[in-house]
Amino acid sequence: MAYLTDIEIAQQCKMKPISEIAKTAHVNEDYLEHYGKYKAKIDLSLLKEEGRENGKLILVTAITPTPAGEGKTTTTIGLADGLRRIGKDVTVALREPSLGPVFGIKGGAAGGGYAQVVPMEDINLHFTGDFHAIGAANNLLAAMLDNHIQQGNELGIDVKKITWKRCVDMNDRQLRNVIDGLGGRMQGVPREDGFDITVASEIMAVLCLSNSITDLKERLARIIVGYTYDDQPVTCGQLKAQGAMAALLKDAIKPNLVQTLEGTPAFVHGGPFANIAHGCNSVIATKMAL
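This one's a predicted model, so the numbers in the text were calculated from it and none came from an experiment. (Residues numbered from 1 in each chain as written. Predicted model: local features only at pLDDT ≥ 70, side-chain atom pairs only at ≥ 80, totals over all residues. Heavy atoms only, no water.)

1. A look at the overall build of the protein
Each helix and strand counted, the protein has ten helices and 14 strands in total. For a compact globule of 290 residues, the expected C-alpha radius of gyration is about 19 Å, and the protein comes in at 21 Å, within 12% of that figure. Over its C-alpha atoms, taken along the principal directions, the protein stretches across nearly 65 × 50 × 35 Å. Per-residue burial for the protein yields a buried fraction of 44% across its 290 residues. (Helix = DSSP H or I, 4+ residues; strand = E, 2+ residues; numbered from the N terminus. Rg over C-alpha atoms; globule rule 2.2 N^0.38 Å. Buried < 20%, exposed > 50% of the residue type's maximum accessible area, 1.4 Å probe, protein only.)

Here it is as structure tokens:
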């Protein structure tokens, strides 16, 4: 008997239009921002709607995974679909996949077998652009930090004590440690630098813990990017970068709505690596699902 691969199973699924999935999740069409037929962002004003009681929260954690880490998403989706099959009103909340593992040995992170979220290829690749926005905000802060040093370094930042790294959403070990700012006086100050993967950026953790754009801005402002010559911390707020960064993240903060193979509503939103932060979807997506 020939078994279907995960991608074959996903491609055989007849997806429902996202407005139909939103109806199942009790989300009015007015709150939807469509990204094609099968994906949508949900406006944060939904959280202010009165007369809604929270449901029950089931946290799937401490799964014993395979050596490559599979298991958590598949179990979560299977549980959600199972509960819906027995008549429960269910919405699942999951983190977004990172391009690094997607193109590495682990592969995608949209579940497996008959417990998957779809459209699987979109979710595993660019999706709605959230991770690109997070990478841009991270690198804007890096650019503003180096520009501050180039323009006279009023804050007295010690280039040997910079803790903020640039990022790219790829497993690219060649970029983990670099020397940049070469090329002469107009091309920056030479220093040791490095790249993290986007999901290991503090911006990702901050976005996923924020309750609103205002809260996001305040959290961004508190990020420490390095230290002065007399060991005082330097923050994003001192560089006045938080407003521009929040502007880049204004859409990324909104949860994404998709569906499982069985048509269960699924919020797939954010997700920092668990070795640097909480390793799951955003607080806003969980609140919205509740």
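2. Regarding the sheet that holds strand S11 (residues 224-228)
Backbone hydrogen bonds are what pair the strands of a sheet, in a parallel or an antiparallel way. Strands sit in the order S6-S11-S12 across an open sheet of three strands; the sheet is antiparallel. Looking at which strands have only one partner, the edges of the open sheet turn out to be strand S6 (157-162) and strand S12 (233-235). Direction aside, the axes of adjacent strands within the sheet are offset by 50 degrees on average. Two strands pair when backbone bridges link them, and S6 and S11 are joined in this way by two bridges, in the antiparallel orientation. Paired with Ile 162 across the strands is Gly 226, a residue of S11. (Pairing = 2+ DSSP bridges. Axes fitted to C-alpha atoms, helices over the stretch in contact; angles between N-to-C directions.)

3. Observations regarding helix H3 (residues 72-85)
Here H3 spans 20 Å end to end across 14 residues, near enough to the 20 Å set by a 1.5 Å rise per residue. Taken together, the buried positions of H3 are Thr 73, Thr 76, Ile 77, Ala 80 and Asp 81. Projected down its long axis, H3 carries its buried residues within an arc of 125 degrees, all on one side. The positive-phi residue at the C-terminal boundary of H3 is Gly 87, with phi of around 100 degrees. (Expected span 1.5 Å × (residues − 1). Arc of directions from axis to C-beta.)

4. A short note on the packing of helix H6 (residues 130-150) against helix H7 (residues 202-209)
Where H6 meets H7, the axes come as close as 9 Å, and the angle between the chain directions of the two elements is 120 degrees. Accordingly, the angle class assigned to the pair H6 and H7 is oblique. Relative to H7, H6 is oriented so that their crossing is right-handed. Between H6 and H7, the residues in contact are Phe 131, Ile 134, Ala 137 and Asn 138 and Ile 203, Met 204 and Leu 207, respectively. Here the contact of H6 with H7 is composed, by residue class, of six nonpolar, one polar and no charged. (Parallel < 35°, antiparallel > 145°, perpendicular 65-115°, else oblique. Left-handed = near helix turned anticlockwise from the far one by under 90°. Contact = heavy atoms within 4.5 Å. Nonpolar A, V, L, I, M, F, W, Y, C, P; charged D, E, K, R; others polar.)

5. Considerations on the environment of Met 120
Within the secondary structure, Met 120 is located in helix H5 (residues 120-124). Residues Met 120 and Thr 163, 43 residues apart in the sequence, show an inter-C-alpha distance of 36 Å. Beyond its immediate sequence surroundings of up to four residues, Met 120 is in contact with Asp 6, Ile 7, Ala 10 and Ala 110.

6. Describing the side chain of Asn 256
Within the secondary structure layout, Asn 256 lies in strand S13 (residues 256-260). A distance of 3.3 Å separates polar atoms of two side chains, one belonging to Asn 256 and the other to Glu 96. A distance of 2.9 Å separates a polar atom in the side chain of Asn 256 from the backbone oxygen of Val 268. Excluding residues that lie within four positions of it along the chain, Asn 256 makes contacts with Ala 40, Lys 41, Glu 96, Phe 127, Thr 128, Asp 130, Ala 266, Phe 267, Val 268 and His 269. (Polar contact = N/O pair within 3.5 Å; in protein donor to acceptor, adjacent residues only side chain to side chain.)

7. Things to note about the packing of H7 against helix H8 (residues 213-221)
At a closest axis distance of 9 Å, the pairing of H7 and H8 adopts a crossing angle of 145 degrees. Of the two possible hands of crossing, H7 and H8 adopt the one that is right-handed. Of the residues in H8, those touching H7 at Ile 203, Val 206, Leu 207 and Leu 209 are Asp 215, Leu 216, Arg 219 and Leu 220.

8. Describing the environment of Arg 95
Along the chain, the position of Arg 95 falls in the loop between strand S3 (92-94) and helix H4 (99-102). As for Arg 95 and Ser 282, which are separated by 187 residues in sequence, their C-alpha atoms are 7.4 Å apart. Excluding residues within four positions of it along the chain, Arg 95 makes contact with Thr 73, Ala 109, Val 268, His 269, Gly 270, Gly 271, Cys 280 and Asn 281. Within the local environment of Arg 95, its side chain forms a polar contact with the side chain of Thr 73, the two groups lying 3.1 Å apart.

9. Brief notes about a nonpolar patch on the surface
A cluster of nonpolar side chains, Phe 103, Leu 125 and Met 170, forms an exposed patch at the surface whose accessible area comes to about 300 Å². Assignment of secondary structure puts Leu 125 in the loop between H5 and H6. (Patch = residues over 30% accessible without salt bridge, like charges linked within 9 Å, V, L, I, M, F, W, Y side chains within 5 Å. Areas by Shrake-Rupley, 256 points an atom, 1.4 Å probe, with all protein chains shown as cover. Salt bridge = Lys/Arg side-chain N within 4 Å of Asp/Glu carboxyl O.)

10. Focus: the pairing of S11
The pairing of S11 with S12 spans three bridges and is classified as antiparallel. For Tyr 227, the partnering residue across the bridge sits in S12 and is Pro 233. Connecting S11 to the next strand, S12, in antiparallel fashion are four residues, including Asp 231 with a positive phi near 65 degrees.

11. Here's the deal with unusual backbone geometry
In this chain, Val 118 is followed by Pro 119 through a cis amide linkage whose omega measures 0 degrees. Along the chain, Pro 119 turns up in the loop between strand S5 (115-118) and H5. We note that His 26 has phi near 60 degrees; this positive angle belongs to a residue other than glycine. Checked against the element boundaries, His 26 lands in the loop between helix H2 (18-24) and strand S1 (32-34). Under the relative-accessibility criterion, His 26 is labelled partly exposed at 46%. Here the phi dihedral of Lys 240 falls at roughly 55 degrees; this positive angle occurs in a residue that is not glycine. Its place among the elements puts Lys 240 in the loop between S12 and helix H9 (242-248).

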